[in-house]
Amino acid sequence: MTSTPLRTGADYIASIKADGRSVFVNGERVDDVTTHPAFRGAVASIGRLYDIAADPANRERMTFTSPSTGGPVLRCFQIPHSAADLTARRAFHEQWARATCGLMGRTPDHVAGFFCGYAAKPSVIARGGAHFAQNLQRFYEHIRDTHQYVSYTIVPPQIDRSKPAHRQSDPTLYAGVVEERDDGIVLSGAQQLGTGSILSDWIQISCIQPLQPGDENYAFNVVVPTRHAGVKLYSRRAFAQQATNSFDYPLTGRFDETDALLVLDKVFIPWEHVFIYRNIEICRDQWWKTPAHAYGNHQAQTRYAVKMKFLLGIAQRLNEMTGNAGNPAVNVAMGELAAHVQTIESMLHAQEAMSSMDDEGVLWPSVATLYAVMSLQSEEYPRMVDMVREMAGGSLIMQPSSLSDFDNPDIAADIDRYVHSAHATARERVGLMRLAWDLIGSEFGGRHMQYEKFYGGASYLVKQNMLRTYNMADATSLVDAALALPPF
Ligand SMILES: Cc1cc2nc3c(=O)[nH]c(=O)nc-3n(C[C@H](O)[C@H](O)[C@H](O)COP(=O)(O)OP(=O)(O)OC[C@H]3O[C@@H](n4cnc5c(N)ncnc54)[C@H](O)[C@@H]3O)c2cc1C
């Protein structure tokens, strides 16, 4: 099999340019996501990631050799068989995350991790039939060897969470099987939220929510090309469209990775793209009995660690700008912030140091370590953002109305005089404050608050994962031993 050259940013953009995908925003269908102001910044950012991976200078860090083609392919598709392999995956994720300041969560390396996890444990998928595992293996090799970008939607719309999927007021509200044919299946209904789906080549559709008997039509794992007829993506408010210029919105304009409601209108899926079919047990086990969830979230945590370091760096620069960097009380707060960031980063290393090899030679990151950080993220991220707001005082608010104020000499004279810092011009100060505000206060920043709370599922579910994976027997053995101590 011949190898496909590494995908460049230009290749990526050309391949999704006006390709017929049905994306809607502000009441209109989008002809071309690569040029539309709502999406072009994010498209360009994904393109830059492909360029970084294709750069010969990054060959060792960003690629490994495809066992099928012998050509270089993205390292995020490498199934780890040693702790060093996992560390190498992290280095890949980190390089990409640094290029987006950790602000794009569903870059192509996220769902790549899921497919590595499935392909690593074909026995789990094969419980539904050997052909499903073969389909999965073929698709995994295809996306690996042709450098594809898969996004995913694995949660149904939040219509009525008090009822299971099949008891919703209309059984075709949640994405489900409406027809089985000799050559495949037909799906209709919606999935709640596809981050990056508007930008991706493929969308994985499955379910991570607990399903009940009767929900079989919703228990599947399939992929569909984003441009497939009948696949509709309704974008949330596109914050990037409010980004009037890169000075006032340095992050929104570049990293608004998009979230969309996925609607399937009688979408045909050929059998070759079906991996789990009407099987509640395997639909659940794909997350917990393969390392899919662990690999995907190892990427998510690597990204999160970069983002938190970015936040810490912003806090430091902000304190320098306001002249508060030497204040003892501010130093205490900065020490606490740094402790949070160091803990997050160290826990990434702990996932590797405490990883384990299963009986099929597949390396799993320490899932208890992974879920420990994810469990606390929902409370810790808002706490860290709040600490930076506390340090900022009015500086984030009392800024010129826009970059244009600098263009009017009369206004600029006052701004230069009263908005500068001891060691920085007004323009430098405002540039930093706009960056900080875009991260923690803009609508884009507000979305990030929600993202860090929910990207891994609602925190009550993540905490249940934590409990399930924690070695509680070791904790209770201490109690039992204490109770069994001889009398003194
Ligand atoms: C910005 C963003 C991006 C996302 N990206 C993706 C993506 O790309 N792909 C994807 O598939 N998913 C994605 N998600 C996650 C997904 O869509 C859901 O938001 C997530 O799984 C939580 O489910 P829910 O929103 O239905 O919340 P619910 O399950 O309805 O929970 C909402 C809240 O209700 C309360 N609650 C409900 N039930 C219980 C209970 N049993 N016990 C205690 N409290 C309870 C809790 O306070 C909980 O936080 C994303 C989410 C966000 C916010």
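In short, a report on the structure. (Residues numbered from 1 in each chain as written. Predicted model: local features only at pLDDT ≥ 70, side-chain atom pairs only at ≥ 80, totals over all residues. Heavy atoms only, no water.)

## Let's talk about the nonpolar core
Note the cut-off: Nonpolar cores are built from buried Ala, Val, Leu, Ile, Met, Phe, Trp, Tyr and Cys residues. Side-chain atoms within 4.5 Å join them into one set. Whether a residue is buried, partly exposed or exposed follows from its accessible area with a 1.4 Å probe, protein chains only, as a fraction of its type maximum: under 20%, in between, or over 50%, in that order. Helix numbers and strand numbers start at the N terminus; a helix is a DSSP run of H or I with at least 4 residues, a strand a run of E with at least 2. Here the limits of each domain have been adopted from an automatic or database domain assignment.
Residues Leu74, Phe115, Leu199 and Leu337 are the most contacted members of the largest nonpolar core, which totals 122 residues. Per-element accounting of this core gives the leading share, 12 residues, to helix H10 (residues 292-322). When residues of this core are sorted by domain, at least three fall in each of domain 1 (9-288) and domain 2 (292-472). Among the nonpolar cores identified, the runner-up in size contains nine residues, and Ala300, Tyr371, Val462 and Met466 belong to it.

## Section: the environment of Thr258
Rules: Working rule for contacts: check all heavy atoms of both residues, and any pair within 4.5 Å makes them a contact.
One can find Thr258 in the loop between helix H8 (252-255) and strand S11 (259-270). On the basis of relative accessible area, Thr258 is assigned to the buried category, the value being 1%. Taking the C-alpha atoms as reference, Thr258 lies 25 Å from Val373; in sequence the two are 115 residues apart. Contact partners of Thr258, with chain neighbours within four places excluded, come to Phe39, Gly194, Thr195, Gly196, Ser197, Ile198, Leu199 and Arg236.

## Some remarks on empty space enclosed by the protein
Convention followed: Residues are called lining when one of their atoms sits within 4 Å of a cavity or pocket point, these points coming from a 1 Å grid over the protein atoms alone, where a cavity is a set in which a 1.4 Å probe fits but cannot get out and a pocket is an open set with protein on both sides within 12 Å along at least five of seven lines. Grid points are joined across faces, edges and corners, and a volume is the space filled by probe spheres set on the points. Gly is placed with the polar residues, together with every amino acid not listed as nonpolar (Ala, Val, Leu, Ile, Met, Phe, Trp, Tyr, Cys and Pro) or charged (Asp, Glu, Lys and Arg).
By the definition in use, this model includes three cavities of 30 Å³ or more. By volume, the largest cavity amounts to about 60 Å³. As for the largest cavity, its lining consists of Met374, Gln377, Ser378, Glu452, Lys453, Tyr455, Gly456, Gly457, Ser459 and Val462. Among the secondary structure elements, those contributing two or more residues to the lining of the largest cavity are helix H12 (367-392), helix H15 (443-454) and helix H16 (459-469). In terms of residue count, H12 provides more of the lining of the largest cavity than any other element does, three residues in total. Looking at the lining of the largest cavity residue by residue, the classes come out as three nonpolar, five polar and two charged. There is about 50 Å³ of room inside the second largest cavity. Looking at the lining of the second largest cavity residue by residue, the classes come out as eight nonpolar, two polar and no charged.

## Quick word on the pattern of salt bridges
Quick note on the threshold: Within this document, salt bridges are pairs made up of a side-chain nitrogen of Lys or Arg and a carboxyl oxygen of Asp or Glu, the two lying within 4 Å of each other.
Under the criterion given, the structure shown has 26 salt bridges. Two residues, Glu281 and Arg127, come together in a salt bridge whose shortest N-O distance is 3.4 Å. With Glu281 in helix H9 (residues 280-288) and Arg127 in the loop between helix H6 (122-126) and helix H7 (130-145), this residue pair connects regions lying 154 residues apart in the sequence. Note on Arg127: relative accessible area 42%, which makes it partly exposed. Between Glu379 and Lys463 there is a salt bridge, with its nearest N and O atoms 2.9 Å apart. Of the two residues, Glu379 is situated in helix H12 and Lys463 in helix H16; the sequence distance between them amounts to 84 residues.

## Topic: the side chain of Gln148
What counts, and what does not: A 3.5 Å cut-off defines polar contacts: any pair of N or O atoms within that distance qualifies, except that in protein one atom must be a possible hydrogen donor and the other a possible acceptor, and neighbouring residues in sequence count only when both atoms are side-chain atoms.
Considering the arrangement of structural elements, one finds Gln148 in the loop between H7 and strand S5 (150-153). Within polar-contact distance, the side chain of Gln148 engages the backbone oxygen of Thr146 at 3.3 Å. There is a polar contact of 2.9 Å between the side chain of Gln148 and the side chain of Trp202. Sequence-distant contacts of Gln148, defined by excluding residues within four places in its chain, comprise Arg7, Tyr50, Phe77, His142, Ile143, Asp201 and Trp202.

## Side note on the site of the ligand
Rules: What makes a residue near a molecule or strand is one non-hydrogen atom of that residue sitting within 4 Å of it. We get accessible surface area from the Shrake-Rupley algorithm with a probe of 1.4 Å; when it comes to residues, only the shown protein chains can shield them. Assignment of a molecule to a cavity or pocket requires that more than half of its atoms lie within 2 Å of the corresponding grid points.
Around the ligand, 18 residues are found, and the nearest of them are Tyr152, Ile154, Gln158, Arg161 and Thr195. At 2.7 Å, a backbone N or O of Ile154 approaches an oxygen atom of the ligand. A distance of 3.0 Å is found between an oxygen atom of the ligand and a side-chain nitrogen or oxygen belonging to Gln192. Within the complex, the protein chains bury 71% of what would otherwise be the 960 Å² of accessible surface of the ligand. When atoms are counted within 2 Å of each cavity's grid points, the one that captures over half of the ligand is the largest pocket. Of the residues forming the shell around the ligand, the biggest block, four residues, is contributed by H15. Taken together, the residues that form the shell around the ligand break down as eight nonpolar, six polar and four charged. Two domains each provide a minimum of three residues to the shell around the ligand, namely domain 1 (9-288) and domain 2 (292-472).

## Examining the sheet that holds strand S2 (residues 28-30)
This is how the line gets drawn: Two strands pair if DSSP finds at least two bridges between them. To obtain an axis, a line is fitted to C-alpha atoms, over the contacting stretch when the element is a helix, and the angle between two such axes runs from 0 to 180 degrees between their N-to-C directions.
One open sheet accounts for six strands, arranged S2-S1-S10-S11-S7-S6; its pairing is mixed. Of all strands in the sheet, those with a lone pairing partner are S2 and strand S6 (176-181), marking the two edges. Pairwise comparison of adjacent strand axes, ignoring direction, gives a mean angle of 20 degrees for this sheet.

## Considering the pairing of S11
Looking along a regular strand, one sees side chains alternate from face to face of the sheet. With nine bridges connecting them, strand S7 (residues 184-195) and S11 associate as antiparallel partners. If you follow Leu187 over to S11, its bridge partner there is Val267. The pairing of strand S10 (residues 231-235) with S11 spans five bridges and is antiparallel. Within S11, the residue paired with Ser235 across the bridge is Ala260.

## Considerations on the packing of aromatic side chains
For the record, the criterion: Two rings from Phe, Tyr or Trp (for Trp, the six-membered ring) form a pair when their centres sit within 6.5 Å of each other. Planes less than 30 degrees apart are called stacked, planes more than 60 degrees apart edge-to-face, and all others tilted. Only Lys NZ and Arg CZ are tested; either one counts as a charge over a ring when it is within 6 Å of the ring centre and within 35 degrees of the ring normal.
The full count for this structure, using the stated rule, is 19 aromatic pairs. With centroids separated by 6.2 Å and ring planes inclined at 85 degrees, the aromatic side chains of Phe247 and Phe406 adopt a geometry described as edge-to-face. Taken together, the residues span a long stretch of sequence, with Phe247 in the loop between S10 and H8 and Phe406 in the loop between H12 and helix H13 (409-418) at a distance of 159 residues. Residue class for Phe406 comes out buried when judged on its relative accessible area of 12%. When the centroid spacing of 5.2 Å and the interplanar angle of 20 degrees are considered together, the rings of Tyr451 and Tyr455 count as stacked. The exposure class of Tyr451 is buried, given its relative accessible area of 8%. The structure contains a cluster of three or more aromatic residues connected by ring pairs, namely Phe114, Phe115, Tyr118, Phe139, Tyr152, Trp202, Phe275 and Trp287. Taking the ring centre of Tyr295 as reference, the NZ or CZ of Arg89 above it sits at 5.3 Å.

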